[in-house]
Amino acid sequence: MLTSIGPKMRGAGSSAWVRSLWGLLLSGCGLLLFTPNALAHHPLDGRLPSNFFEGFMSGVAHPVIGVDHFVFVIAVGLISALMRQGVMIPIAFVIAGLAGTGIHLQSLDLPAPEFFISASVLLFGVLLALKRHPNWRIVAGLAAVAGIFHGYAYGEAIVGADMTPMVAYLAGFTVIQLGVALGARGIGRRILKGHQMPELPLRFSGFAICGVGAAFLSALILG
């Protein structure tokens, strides 16, 4: 009797984590459908933060209400769950994001940042959907390159702000990105431990993320 209950309980627990994963992805898709374009890039309606609290909250909001950023951070966390040293992937992304913001604040230009951001979403969706994955060092390097472009885009909302809200903004988007990525990694690890076909839900998530990336790329290319 006990042996028959155990697998059912493990299956139920695994299903709960799969539902959590799809809830996370669906929230991103909902933002894609209902969030106005301007809001996605200007958490304070285009106004510069003027104090620590506004800077921090603007930093927290930007990667969440910017759907391309949010979905990419989820993808980074999920693909890191598939690799033993995978935690280095979100860390590399977050550090590179700070560097990308610094590039923007130095008034240096990066070519076609929106294109590369959308392409990064598509690329990481593809990587997640693959049956066999590259070495974590390669993925971490790709995440770092993507992080520079994502961070560069974040910098637009803080150019011209005073030092205090600027530092708070950097702290805000660093904390939220690391939190979302590690949360997605945790969900992914739980699924891998408990699911009968452990990589299948993550691969399906990769296909969904591919769709989001393709939608953004199509919008950019077709105007």
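In this text, all values refer to a predicted model and were calculated from it rather than measured experimentally.

**As for the overall build of the chain**
Looking only at helices and strands, the chain features nine helices and zero strands. For the chain, the sequential pattern of α-helices and β-strands runs α-α-α-α-α-α-α-α-α. The long-range share in the chain, meaning contacts at least 24 apart out of those at least 6 apart in sequence, stands at 83%. Of the roughly 11,000 Å² that the chain leaves accessible, carbon and sulfur atoms contribute 69%.

**Topic: the side chain of His150**
Its location among the elements puts His150 in helix α7 (residues 136–155). With residues near it in sequence (within four places) discarded, His150 still touches Asp68, His69, Phe72, Phe93, Ile117 and Ser120.

**A closer look at a positive patch on the surface**
On the surface, a cluster of positive charge is contributed by Arg84, Arg189, Arg190 and Lys193. Within the secondary structure, Arg190 is located in helix α8 (residues 163–194).

**Considerations on the packing of aromatic side chains**
Tallying each qualifying case throughout the model produces seven aromatic pairs. Taking 5.6 Å as the distance between ring centres and 75° as the angle between the ring planes, the aromatic pair formed by Tyr169 and Phe173 counts as edge-to-face. One end of the pair, Tyr169, and the other, Phe173, are both in helix α8, four residues apart, so they sit about a helical turn from each other. Side by side, Tyr169 and Phe173 carry an identical accessibility label, which is buried. Taken together through their ring pairs, the aromatic side chains of Phe72, Phe93 and Phe124 make up a single cluster.

**Observations concerning the packing of helix α3 (residues 52–65) against helix α4 (residues 67–80)**
Their axes nearest at 5 Å, the elements α3 and α4 cross at an angle of 85°. In terms of their interaxial angle, α3 and α4 are classed as roughly perpendicular. Contacts between α3 and α4 involve His62, Pro63, Val64 and Ile65 on the former and, on the latter, Val67, His69 and Phe70. Of the residues belonging to the contact of α3 with α4, the class tally is five nonpolar, two polar and no charged.

**Some points on helix α9 (residues 200–222)**
For an α-helix, 3.6 residues make a turn, and residues three or four places apart therefore share a direction. Look at α9: 33 Å from first C-alpha to last across 23 residues, which is about the 33 Å you get at 1.5 Å a residue. One or two residues past the end of α9 sits Gly223, with phi positive at roughly 80°.

**Brief notes about the nonpolar core**
By size, the foremost hydrophobic cluster in this structure holds 33 residues, and its most contacted members are Phe72, Leu78, Ile79, Ile89, Phe124, Leu128 and Ile209. Elements that contribute at least two residues to this core include exactly α4, α5 (88–105), α6 (113–129), α7, α8 and α9. Looking at which element gives the most residues to this core, the answer is α4, with ten residues. Setting aside chain neighbours within four positions, we find Phe124 in contact with Phe72, Ala75, Val76, Ile79, Val139, Leu142 and Ala143. Counting residues in hydrophobic clusters, the runner-up holds seven residues, among them Tyr154, Ala157, Met166 and Tyr169.

**Considering the confidence of the model for the chain**
On average, residues of the chain score 83 in pLDDT, and 77% of them are at 70 or above. When the elements of the chain are averaged for pLDDT, helix α2 (residues 37–41) gives the smallest value, 44, and α5 the largest, 97. In this model, residues 1–13 is a region of pLDDT below 50 whose contacts with residues beyond four sequence positions or in other chains number one contact.

About the criteria used
- Residues numbered from 1 in each chain as written.
- Predicted model: local features only at pLDDT ≥ 70, side-chain atom pairs only at ≥ 80, totals over all residues.
- Heavy atoms only, no water.
- Helix = DSSP H or I, 4+ residues; strand = E, 2+ residues; numbered from the N terminus.
- Contact = heavy atoms within 4.5 Å.
- Areas by Shrake-Rupley, 256 points an atom, 1.4 Å probe, with all protein chains shown as cover.
- Patch = residues over 30% accessible without salt bridge, like charges linked within 9 Å, V, L, I, M, F, W, Y side chains within 5 Å.
- Salt bridge = Lys/Arg side-chain N within 4 Å of Asp/Glu carboxyl O.
- Lys, Arg positive; Asp, Glu negative; His and termini not counted.
- Charge placed at Lys NZ, Arg CZ, Asp CG, Glu CD.
- Phe/Tyr/Trp six-rings, centres within 6.5 Å; stacked < 30°, edge-to-face > 60°.
- Buried < 20%, exposed > 50% of the residue type's maximum accessible area, 1.4 Å probe, protein only.
- Axes fitted to C-alpha atoms, helices over the stretch in contact; angles between N-to-C directions.
- Parallel < 35°, antiparallel > 145°, perpendicular 65-115°, else oblique.
- Nonpolar A, V, L, I, M, F, W, Y, C, P; charged D, E, K, R; others polar.
- Expected span 1.5 Å × (residues − 1).
- Core = buried A, V, L, I, M, F, W, Y, C linked by side-chain atoms within 4.5 Å.
- pLDDT = per-residue confidence, 0-100.

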